[in-house]
Amino acid sequence: MRHRCTMYKPVLTKNKSGGFDTAWLDIGKLWAEIVLPTGRVSPVAEQLKAVVTAEIRVRPRKDVVAGNRLVEMVGGHAIATYLIEAALPNNERDMLRLLCSNVPNP
């Protein structure tokens, strides 16, 4: 566990037009191990979009759920933001494997 990360959860906030915007609420800092980064190019709306996926390992927490974001921090600056697609416990239940995709930094 050598990567310092901050986790965020989505919160809907009302906007001026009566709809909702998604804001990201800081729910805590944690140590993680980011491994196996892979990349691919996928067609989205007739454009090619690069998608980077990673497996992130963290200790189990109740607030680590799909839909949350993990932001890797170095020296107080965000260097990568990942969207948690799935949180899978290992056989011993002492570690969570997070399958993630990259998103733009918030």
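Not measured: the values here are computed from a predicted model. (Residues numbered from 1 in each chain as written. Predicted model: local features only at pLDDT ≥ 70, side-chain atom pairs only at ≥ 80, totals over all residues. Heavy atoms only, no water.)

## Regarding the nonpolar core
Condition: Only buried residues count toward a nonpolar core, which is a set of Ala, Val, Leu, Ile, Met, Phe, Trp, Tyr and Cys residues joined through side-chain atoms within 4.5 Å. With a 1.4 Å probe rolled over the protein chains alone, any residue whose accessible area is under 20% of its type maximum counts as buried; one over 50% counts as exposed, and the rest are partly exposed. Counting from the N terminus, the helices are the DSSP runs of H or I reaching at least four residues and the strands are the DSSP runs of E reaching at least two. The criterion used for residue contact is that any of the two residues' heavy atoms lie within 4.5 Å.
Counting residues in hydrophobic clusters, the biggest one holds 16 residues, and the most contacted among them are Ile 56, Val 58, Val 64, Leu 70, Tyr 82, Ile 84 and Leu 98. Going through the elements one at a time, β1 (3–14), β2 (20–44), β3 (47–58), β5 (77–89) and β6 (96–103) are the ones with two or more residues in this core. Dropping the residues within four chain positions of it, Ile 56 is found in contact with Ala 32, Glu 33, Ile 34, Leu 70, Tyr 82, Leu 96, Arg 97, Leu 98 and Cys 100.

## Considerations on the pattern of salt bridges
Going by this rule: By definition, a salt bridge exists where a carboxyl oxygen of Asp or Glu is found within 4 Å of a side-chain nitrogen of Lys or Arg.
Under the counting rule described, the total for this entry stands at four salt bridges. Its salt-bridge partner being Glu 33, residue Arg 2 comes within 3.2 Å of it at the nearest N-O pair. Note that Arg 2 is positioned in the segment before β1 and Glu 33 in strand β2, a separation of 31 residues in sequence. Arg 2 sits in the exposed class, given a relative accessible area of 60%. Here Asp 63 makes a salt bridge to Arg 61, at a shortest N to O gap of 2.8 Å. The class for Asp 63 is partly exposed, based on a relative accessible area of 25%. Beyond isolated ion pairs, a larger network of salt bridges with shared partners links Glu 55, Arg 57 and Arg 97.

## Quick look at unusual backbone geometry
Unlike most non-glycine residues, Arg 93 shows phi in positive territory, near 60°. Along the chain, Arg 93 turns up in the loop between β5 and β6.

Note that every value here comes from positions in space, so none of it alone points to a role or purpose.
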